[in-house]
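Report on the structure
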Amino acid sequence: MSFSPDSPTRSHITLRQLEVFVAVARLGTVSAAARQLSLSQSATSQALADLERQLGVTLFERPGRRLGLNDMGHRLLPRAEQLLDDLGELIAAAEEPGDELHGSLAISASATIGTYLLPPLAGEFGGLHPGVDLRLRLRNTGEVISEVQRFDADLGMIEGRCHEPGLASEVWCEDHMVIVCAPGHPLVAKGRVEDADLVEQSWILREIGSGSREVLEAAVLPRVPRLKVRMELGQHEAIKQAVAAGLGLGCLSHLSVRGELERGELLALSHDLPLTRHFSLVWHPDRYRSPAWQAFKVFLMEQRSRFAQPVQDA
């Protein structure tokens, strides 16, 4: 950002004012921003007012106690965030030797990726680049997309493809889902799930909004009118326990049930449903992508074939 010499008041914009602007935009209230920045509420309000006065624009709609960005605020937020990120990079570059990567990345991942793939990947990346702090959050697919849209996450990792027009995405790899049941389930003798079974059997599924649920319903609902959902659970482990107890069928990533299948605690039923899905990387095109971000994305693409079959035609 450059300041015109004809507008001397704008040259007095401070980094503190930008920090306040970004914090209020993310948290929605002056009081929450003040707590995050360890400032008094009056100082936070004054910094925001000073910034708007010096820019000569308003940045927020103020319908009540919460503050929402107006059109100008949405335009300027990515630039303010980039300025703050650049400052952090400048300070870190002065403190770190050579070309060592540094900084922090907020990674939001959907359940299967965040539970079974991301932890070992993050550990290895951290060993290669100890100056980078990866902050990992486990969400369902819809929540991951929302966090990327709100600039709360630098990178999202979701089950399925991203269809949000304002976001950038890239297919990472393929995942294969399986229909599982308890060893004593009546369908074991047949060994197969047919259309009639899809309707008649009880199901233990993830909540609406999860990638696993969306893939199953997209495959099933064109063929049958409904599924008999007995339980909705937010965790893979809870679903596996319920299925193993004989409460119904489950549909989960093969990554999440490999151990149970090998030990005979769950059995996979054959079917003709299209239950192969993609894992995707998602990011906001207006958010600053630091060298650490670039390195982590390259690392993910290089390592994907170790965990799941890579997509040949992305």
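Bear in mind the structure is a predicted one, so any value in this text is a computation, not a measurement.

Check the secondary structure of the protein and you find 11 helices and 11 strands. Sorting the 314 residues of the protein into buried and exposed places 46% on the buried side. Considering only residue pairs separated by 6 or more positions, the protein has 75% of its internal contacts joining residues 24 or more positions apart. Taken as a whole, the protein presents about 15400 Å² of accessible surface, with 50% of it coming from carbon and sulfur. Each charge class in the protein can be summarised by its mean position, and for the 32 positive and 41 negative side chains these summaries are 5 Å apart.

Another aspect to go through is the pattern of salt bridges. Under the counting rule described, the total for this entry stands at 22 salt bridges. With a closest N to O distance of 2.7 Å, Glu217 and Arg213 form a salt bridge. With a gap of four residues between them, Glu217 and Arg213 both fall in helix H8 (residues 211-220), about one helical turn apart. The class of Glu217 is partly exposed, set by a relative accessible area of 25%. Accessibility expressed as a relative area gives 6% for Arg213, which makes it buried. Across the pair Glu237 and Lys240 runs a salt bridge, and its minimum N-O distance is 2.9 Å. One end of the pair is Glu237 and the other is Lys240, both in helix H9 (residues 236-244) and three residues apart, which spans about a single turn. For Glu237, a relative accessible area of 41% gives the class partly exposed.

Before going further, it helps to examine the nonpolar core. Of all hydrophobic cores here, the largest spans 27 residues; its most connected members are Met157, Trp172 and Phe296. Looking at this core, the elements with two or more residues in it are strand S3 (103-110), helix H5 (111-128), strand S4 (132-139), strand S5 (155-159), strand S6 (168-181), strand S11 (276-283) and helix H11 (291-303). For this core, the leading source of residues is H5, giving seven residues. In this structure, Ile13, Phe21, Ala47 and Phe151 belong to the second largest nonpolar core, which totals 21 residues.

Across the eight residues of S11, seven count as buried, placing the element largely inside the fold. In this sheet, S11 lies alongside S5 in antiparallel orientation, the contact comprising four bridges. In the strand pairing of S11, Gly156 is matched with Val282. By the bridge criterion, eight bridges tie S6 to S11 in an arrangement that is antiparallel. Following the sheet pairing, Val171 is matched in S11 by Ser280.

Scanning the entire structure with this criterion turns up four aromatic pairs. Considering the side-chain rings of Phe125 and Phe296, the 5.0 Å spacing of their centres and the 70° angle between planes classify their relative orientation as edge-to-face. Of the two residues, Phe125 is situated in helix H5 and Phe296 in helix H11; the sequence distance between them amounts to 171 residues. Across this residue pair, the class does not change: Phe125 and Phe296 are buried. Among the aromatic residues, ring-to-ring pairing joins Phe125, Phe296 and Phe299 into one connected group. When the ring centre of Trp293 is taken as reference, the NZ or CZ atom of Arg289 above it lies at 5.7 Å.

Interhelical geometry of H5 versus H11 gives an angle of 125° and a closest axis separation of 11 Å. By the criterion of interaxial angle, the relationship of H5 to H11 is oblique. At the point where H5 passes H11, the crossing takes the right-handed sense. Of H11, the residues touching H5 (which contributes Leu118, Leu121, Glu124, Phe125 and Leu128) are Ala292, Ala295, Phe296, Phe299, Leu300 and Gln303. Across the contact of H5 with H11, the residue classes tally to nine nonpolar, one polar and one charged.

As a further point, take the side chain of Ser280. Mapped onto the elements of the fold, Ser280 is located in strand S11. At 2.8 Å, the side chain of Ser280 and the backbone oxygen of Gly160 are in polar contact. Ser280 has contacts with Gly156, Met157, Ile158, Gly160, Arg161, Cys162, Glu170, Val171 and Trp172, leaving out every residue within four places of it along the chain.

About the criteria used
Residues numbered from 1 in each chain as written. Predicted model: local features only at pLDDT ≥ 70, side-chain atom pairs only at ≥ 80, totals over all residues. Heavy atoms only, no water. Helix = DSSP H or I, 4+ residues; strand = E, 2+ residues; numbered from the N terminus. Buried < 20%, exposed > 50% of the residue type's maximum accessible area, 1.4 Å probe, protein only. Contact = heavy atoms within 4.5 Å. Areas by Shrake-Rupley, 256 points an atom, 1.4 Å probe, with all protein chains shown as cover. Lys, Arg positive; Asp, Glu negative; His and termini not counted. Charge placed at Lys NZ, Arg CZ, Asp CG, Glu CD. Salt bridge = Lys/Arg side-chain N within 4 Å of Asp/Glu carboxyl O. Core = buried A, V, L, I, M, F, W, Y, C linked by side-chain atoms within 4.5 Å. Pairing = 2+ DSSP bridges. Phe/Tyr/Trp six-rings, centres within 6.5 Å; stacked < 30°, edge-to-face > 60°. Lys NZ or Arg CZ within 6 Å of the ring centre and 35° of its normal. Axes fitted to C-alpha atoms, helices over the stretch in contact; angles between N-to-C directions. Parallel < 35°, antiparallel > 145°, perpendicular 65-115°, else oblique. Left-handed = near helix turned anticlockwise from the far one by under 90°. Nonpolar A, V, L, I, M, F, W, Y, C, P; charged D, E, K, R; others polar. Polar contact = N/O pair within 3.5 Å; in protein donor to acceptor, adjacent residues only side chain to side chain.

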